[in-house]
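Here are the chains, one letter per residue:
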Amino acid sequence: MSQKRRTFIDIIQLYLRLLSRKYPALLYITKWLFISSLIGIVAGTASAGFLESLSWATGFRESHIWLIACLPIAGLAVGMLYYYFGKDVEAGNNLLIETIHESSRKTIPFKMAPFVYLGTVITHLFGGSAGREGTALQMAGAISDQFTKLLKLNEQDRKTLLISAIAAGFGSVFGTPLAGALFGLEVFLVGKIRYNSIFPAFASAILADQVTRLWNVHHTEYHIGFVPETDFQPFLYAVMAGIAFGICAAAFSRMLHYGNSLFKSKFRYAPLRPFAGGIIVAAAVFAMGTTRYTGLGIPVIEEALGKQLPLYDFALKILFTVVTLSAGFKGGEVTPLFFIGATLGSALSLFIPLPFGLLAGMGFVAVFAGATNTPLACTLMGIELFGAECGVYVAIACVISYLFSGNNSIYTKQKIGEAKNSRFGHFINKNFEDL
């Protein structure tokens, strides 16, 4: 290397060091914009392929209802796949959250992504009641974590990467990038937000959502017909609804964990759990003569926003989902929680004098807020999905639901960063599994 060239490089390096000292945010933003772009591309592409696969599986199942009779065999196949080849990734979302807390752990195995993708598509194809957020988060997290060693990230940067991956997976699979970013920041530590990851989380979620849309994947559009003007009395009704949503969220979380323990105690050989769960779900579907409570249930969610539904819809969806997921089928809890919340909200209009569409929209996000302890993300999600007009009502419902769901969560590895009440101060830094 010539002397002139060496001198030029030294000058550039000196200039960059001086620039980074004067404007440290510039180097930080440049670094994380690059990493967030990688996360956004892989998470957005994975979500696009997954959503298209789910759409096909749902359509094919509804055209061939007899497939539901094969749900036990499908469950046995998924159970054997994880039992013999995927024990180290079976924890799913809890593994992601635990790795954020203990970032010195080994890299999340890449196989988590194809395993959960395959398991979830099979669950939906054969009629299980499950969601999609768990799959999107796990695919994004497992793929993105492979960049940790490649980019030689330290433990703190790895935490930020995983938070950003969760944000990207959530934002891209639901088409709600702002809520996705806040969900990634809020979900792993209840009551606290990791602000030093705020730019990567938002950049990853927004880019992932854009990548998913570039693949020409369309998200469901929801609409609330009428939102009353803000006043004291409607606010009071929103609080009442929020209490109901919080109790429902707590009940769902407890039933899910109880069901999980019950299947484990009854069937020591793990693959038999989804086999037995498949028998229960398939028998219930054919006995009732309807597929209303299978799969994602998006048509029923749209129905709840458009008319008043009976009280039993949300209860039956809880039962179908608890059996499906606690038995060991793959998917997520969030879309079923949307169904449960929307149908409960619609039914509550029998007792609470608010428009059924508004109550359904409030329940859509508020039950989810209570079950995951993410009231801010869910408030923002409600605004992204339904519009700013309902923002005040959605916020009230989400916050009240979060408070009334108590010390419960669908994610057992969530840690309590700040207790919901001073009475529970001794729970700080414990996860829900410890409780």
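Fair warning: this is a prediction, and the values are worked out from it, not measured in the lab.

A. How the structure looks around the overall build of the chain. Helix and strand counts for the chain stand at 18 helices and two strands. Against the compact-globule benchmark of 22 Å for 435 residues, the chain has a radius of gyration of 22 Å, which places it among compact chains. With respect to the three principal axes, the spread of C-alpha positions in the chain is 85 × 55 × 50 Å. Taking all 435 residues of the chain together, the buried fraction comes to 57%. The contacts of the chain with a sequence gap of at least 6 include a subset with a gap of at least 24, amounting to 78%. Between the averaged position of the 34 positive side-chain charges in the chain and that of its 25 negative side-chain charges there is a distance of 11 Å.

B. Broad picture of the packing of helix H3 (residues 71–85) against helix H12 (residues 272–288). At a closest axis distance of 7 Å, the pairing of H3 and H12 adopts a crossing angle of 155 degrees. Classified by the angle their axes make, H3 and H12 are roughly antiparallel. Helix-helix and strand crossings are classified by hand; for H3 and H12 the assignment is right-handed. Residue-level inspection shows Leu-71, Pro-72, Ile-73, Gly-75, Leu-76 and Gly-79 of H3 in contact with H12, the latter providing Pro-274, Phe-275, Gly-278, Ile-279, Val-281 and Ala-282. Residues that form the contact of H3 with H12 fall into these classes: nine nonpolar, three polar and no charged.

C. Helix H9 (residues 177–186), seen in detail. With nine of 10 residues buried, H9 lies mostly within the body of the structure. Where H9 is buried, its residues touch helix H6 (133–144), helix H8 (155–174), strand S1 (189–190), helix H10 (198–214), helix H16 (356–372) and helix H17 (375–386).

D. Local environment of the state of the cysteines. Throughout the structure, instances matching the rule amount to zero disulfides. Lacking any disulfide linkage, Cys-378 is separated from the closest cysteine sulfur, that of Cys-398, by 5.3 Å. Residue class for Cys-378 comes out buried when judged on its relative accessible area of 0%.

E. Representation of unusual backbone geometry in the model. Positive phi, close to 65 degrees, is recorded for Asn-216, a residue that is not glycine. Note that Asn-216 resides in the loop between H10 and helix H11 (232–266). One non-glycine residue, Asn-373, lies in positive phi territory at about 60 degrees. With respect to the helices and strands, the residue Asn-373 is situated in the loop between H16 and H17.

F. Region of the structure containing the UniProt feature "transmembrane region" (unreviewed entry) in the chain. In the numbering used here, UniProt assigns the "transmembrane region" (unreviewed entry) feature to residues 25–51, 63–85, 161–185, 235–252, 272–289, 309–329, 336–369 and 381–404. Taken end to end, residues 25–51 is 100% helix and 0% strand, and its two terminal C-alpha atoms sit 36 Å from one another. When the span residues 161–185 is considered, its composition is 92% helix and 0% strand, and the gap between its end C-alpha atoms is 11 Å.

G. Here's a closer look at the environment of Leu-67. Looking at the element boundaries, Leu-67 is found in the loop between helix H2 (24–63) and H3. Leu-67 sits 154 residues away from Glu-221 along the chain, and the two C-alpha atoms are 29 Å apart. Excluding residues that lie within four positions of it along the chain, Leu-67 makes contacts with Phe-60, Arg-61, Leu-125 and Phe-126.

H. Main features of the pattern of salt bridges. Enumeration according to the criterion identifies 12 salt bridges in this entry. Two residues, Arg-292 and Glu-303, come together in a salt bridge whose shortest N-O distance is 3.2 Å. Pair noted here: Arg-292 is in the loop between H12 and helix H13 (298–306) and Glu-303 is in helix H13, with a separation of 11 residues, a long-range link. Judged by its relative accessible area of 24%, Glu-303 falls in the partly exposed class. Each of Glu-98, Glu-102, Arg-105, Lys-413 and Glu-433 takes part in salt bridges that share partners, so that together they form one network.

I. The arrangement of H17 in detail. Here H17 is 12 residues long and its end C-alpha atoms lie 16 Å apart, about the 16 Å a rise of 1.5 Å per residue gives. Residues of H17 that are buried: Pro-375, Ala-377, Cys-378, Thr-379, Met-381, Gly-382, Leu-385 and Phe-386. Along its buried surface, H17 packs onto H8, H9, H13, helix H15 (334–348), H16 and helix H18 (391–404).

J. Just the side chain of Asn-373, in detail. Using a relative accessible area of 1% as the deciding quantity, one classes Asn-373 as buried. From its side chain, Asn-373 meets the backbone oxygen of Asn-408 in a polar contact 3.0 Å long. Of the polar contacts made by the side chain of Asn-373, one reaches the side chain of Lys-420; its length is 2.6 Å. Apart from the residues lying within four places of it in its own chain, the contact partners of Asn-373 are Glu-186, Val-190, Tyr-402, Ser-405, Gly-406, Asn-408, Ser-409, Gln-414, Lys-420 and Phe-432.

K. Expanded view of the packing of aromatic side chains. Here the structure, examined in full by the defined rule, presents 20 aromatic pairs. Here the aromatic rings of Phe-50 and Tyr-117 are separated by 6.3 Å at their centres, their planes lie at 65 degrees, and the arrangement is edge-to-face. A residue pair is termed long-range when its members are at least 10 positions apart, and Phe-50 in helix H2 and Tyr-117 in helix H5 (residues 112–125) qualify at 67 residues. Consider the rings of Phe-338 and Phe-368, whose centres lie 5.5 Å apart with planes at 85 degrees: the pair is edge-to-face. Of this pair, Phe-338 sits in helix H15 while Phe-368 is found in helix H16, placing the two residues 30 residues apart along the sequence. For the pair Phe-338 and Phe-368, a shared accessibility class is recorded, and that class is buried. What links up through ring pairs into an aromatic cluster is the set Phe-170, Phe-174, Phe-183, Tyr-222, Phe-338, Phe-364, Phe-368 and Phe-386. Positioned above the aromatic ring of Tyr-82, the side-chain terminus of Lys-330 is 4.3 Å from the ring centre. The ring of Tyr-402 carries Lys-420 above its face, with NZ or CZ at 4.4 Å from the centroid.

Reading the values: the criteria
- Residues numbered from 1 in each chain as written.
- Predicted model: local features only at pLDDT ≥ 70, side-chain atom pairs only at ≥ 80, totals over all residues.
- Heavy atoms only, no water.
- Helix = DSSP H or I, 4+ residues; strand = E, 2+ residues; numbered from the N terminus.
- Rg over C-alpha atoms; globule rule 2.2 N^0.38 Å.
- Buried < 20%, exposed > 50% of the residue type's maximum accessible area, 1.4 Å probe, protein only.
- Contact = heavy atoms within 4.5 Å.
- Lys, Arg positive; Asp, Glu negative; His and termini not counted.
- Charge placed at Lys NZ, Arg CZ, Asp CG, Glu CD.
- Axes fitted to C-alpha atoms, helices over the stretch in contact; angles between N-to-C directions.
- Parallel < 35°, antiparallel > 145°, perpendicular 65-115°, else oblique.
- Left-handed = near helix turned anticlockwise from the far one by under 90°.
- Nonpolar A, V, L, I, M, F, W, Y, C, P; charged D, E, K, R; others polar.
- Disulfide = S-S within 2.5 Å.
- UniProt positions renumbered as here; feature names shortened; annotations may be inferred.
- Salt bridge = Lys/Arg side-chain N within 4 Å of Asp/Glu carboxyl O.
- Expected span 1.5 Å × (residues − 1).
- Polar contact = N/O pair within 3.5 Å; in protein donor to acceptor, adjacent residues only side chain to side chain.
- Phe/Tyr/Trp six-rings, centres within 6.5 Å; stacked < 30°, edge-to-face > 60°.
- Lys NZ or Arg CZ within 6 Å of the ring centre and 35° of its normal.

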